[in-house]
Amino acid sequence: MTQPPRSTFIILFAALQFTYMLDFIMVMPLAPDLSQSLLFNVQKIGLLSAAYTGASMLLGALSLKFIDKCNRRTLLLSSWGVFALSTVMCAWAQNFDQLFLARALIGASGSMAVSIVMAISIDITPPRYLGRVIAKIMTGFTLATVLGVPLILILSEQYSWRSCFVLIGLLAALLHIYAYFKLPSFKPTVDVSDASTHLLRQPNVIKMYVLQIFNQFSAFLIIPTLSAYLVFNLAIERGHLSYFYLLGGMTSFITVHILGHMADSQGTQKTLFLGTAIYLAGLLAFSFDSLPTWLTFICFIAFMAGNAGRNISLTTSSSHVPSPSFRARYMTFQGMVRDASITLASILSSSILSTQSNGQIEHMPILILLAIFTAIYVLCAHHIWFNKKQ
């Protein structure tokens, strides 16, 4: 009987995902600290997300000519090495512009590494195990919230936000060394010049990319400024943010594993519906100007868990779309459209929001309404396009 990949690969890939995701998301909960230290308006945090994903999208476009022709081990080690060095560079940023440039470099290198990780994972996993194996690898994303973000918030509060980047950079360096000795060679899978054209002519590929675009657009209208909104608008104490992210992440962790198994046995449409329903419940509550602390806490947990459920559902559904020969290229394209969506959402969020003199953020209900509509669109479109095929 065919067995899932060895635990060594799953643990390594989950650790890489953990580090990448923590590096990406930690700027958002650190928004109050960064804006006060580097003297910029808090709504510009969305632009840091845009720098990260915009650079990722650009490198993804440039890599399409060689991504499926190169040894995946070489690409992974090279891009992850740049990621580790760039993360440490963030600790020495003296203003917003320097941090912006460093984040762009991290985004470009990190996204390349993650695309290769997912391509390798799908290559070595039998289809019947994809949902649960992807869920295990995506544990890295969830643990970044469960353990990583609370630790980062405490570290920033006790020492400095700069120490957070040094810590993540050192962790990335250790993983690079471990991967160098443990990863075998993964030979190129295809060598055709028209691979991209062939891939983009497949209707299901385009449909899945559309779903990924709107899925990420919905979430990242809200995510970049959510921690600042909690502190400045909903009067959550800065020291309590770590508890929000800890319990929200724990709930997301449980949600990902439950829905990952359900996706294998009952299909991704059901899990996507459950994730979307929980996500929308959390979003709707944030549209009010003031909430009791306990209700804010519950809504935050629902938002995070629901979003995690939506992500594992679409990731599992997406894994069935490409043929093995075009998998790395497919994952790179998917990363590009995802990053384009996050970039657009982050820029739009920064453009719509404004900050009052007391730090409160204005116009958040507009973003919440857009996020709700796009999430519902993803659910309905997935049902029409893929429900009968999975």
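Everything here concerns the structure above.
Heads up: these notes are all about the structure in this document.

Calculation notes
- Residues numbered from 1 in each chain as written.
- Predicted model: local features only at pLDDT ≥ 70, side-chain atom pairs only at ≥ 80, totals over all residues.
- Heavy atoms only, no water.
- Helix = DSSP H or I, 4+ residues; strand = E, 2+ residues; numbered from the N terminus.
- Rg over C-alpha atoms; globule rule 2.2 N^0.38 Å.
- Buried < 20%, exposed > 50% of the residue type's maximum accessible area, 1.4 Å probe, protein only.
- Contact = heavy atoms within 4.5 Å.
- Phe/Tyr/Trp six-rings, centres within 6.5 Å; stacked < 30°, edge-to-face > 60°.
- Expected span 1.5 Å × (residues − 1).
- Salt bridge = Lys/Arg side-chain N within 4 Å of Asp/Glu carboxyl O.
- Core = buried A, V, L, I, M, F, W, Y, C linked by side-chain atoms within 4.5 Å.

Scanning the protein chain from N- to C-terminus turns up 16 helices and 2 strands. For the protein chain, whose C-alpha radius of gyration is 20 Å, the value lies close to the compact-globule estimate of 21 Å for 390 residues. Here the C-alpha coordinates of the protein chain stretch approximately 60 × 45 × 35 Å along the principal axes. For the protein chain, buried positions account for 60% of its 390 residues. Long-range contacts, defined as pairs at least 24 residues apart, comprise 86% of the intrachain contacts of the protein chain with a sequence gap of at least 6.

This brings us to the packing of aromatic side chains. Counted under the stated rule, the structure contains 15 aromatic pairs. Relative to Phe 165, the ring of Trp 161 has its centre 5.9 Å away and its plane inclined at 90 degrees; by these criteria the two rings are edge-to-face. Within this pair, Trp 161 and its partner Phe 165 are both found in helix H8 (residues 161-182), separated by 4 residues, close to a single helical turn. Summarising the aromatic geometry, the rings of Phe 244 and Phe 297 are spaced 5.2 Å apart at their centres and angled 90 degrees between planes, so their arrangement reads as edge-to-face. Here Phe 244, found in helix H12 (residues 241-266), pairs with Phe 297, found in helix H14 (residues 293-319); they are 53 residues apart in sequence, far enough to count as distant.

In this section: helix H1 (residues 7-25). Relative to the 27 Å expected for 19 residues at 1.5 Å per residue, H1 spans 26 Å between its end C-alpha atoms, a close match to the ideal helical length. Here H1 lies mainly inside the structure; 15 of its 19 residues are buried.

In the structure shown here, the tally under the stated rule is 2 salt bridges. A salt bridge links Asp 23 to Arg 103, with the shortest nitrogen-to-oxygen separation between them at 2.9 Å. Taken together, the residues span a long stretch of sequence, with Asp 23 in helix H1 and Arg 103 in helix H5 (residues 96-123) at a distance of 80 residues. For the pair shown, Asp 23 and Arg 103 are each scored as buried. For Arg 238, the salt bridge goes to Asp 33, with nearest N and O atoms at 2.8 Å. Note that Arg 238 is positioned in the loop between helix H11 (223-232) and H12 and Asp 33 in helix H2 (residues 31-38), a separation of 205 residues in sequence.

Moving on, we come to the nonpolar core. Phe 13, Ile 222, Leu 230, Leu 283, Phe 286 and Phe 303 are the most contacted members of the largest nonpolar core, which totals 123 residues. Of the residues forming this core, the biggest block, 12 residues, is contributed by H5. Here Leu 230 is in contact with Ala 235, Ile 236, Leu 241, Phe 244, Phe 286, Thr 296 and Phe 300, once residues within four sequence places are set aside.

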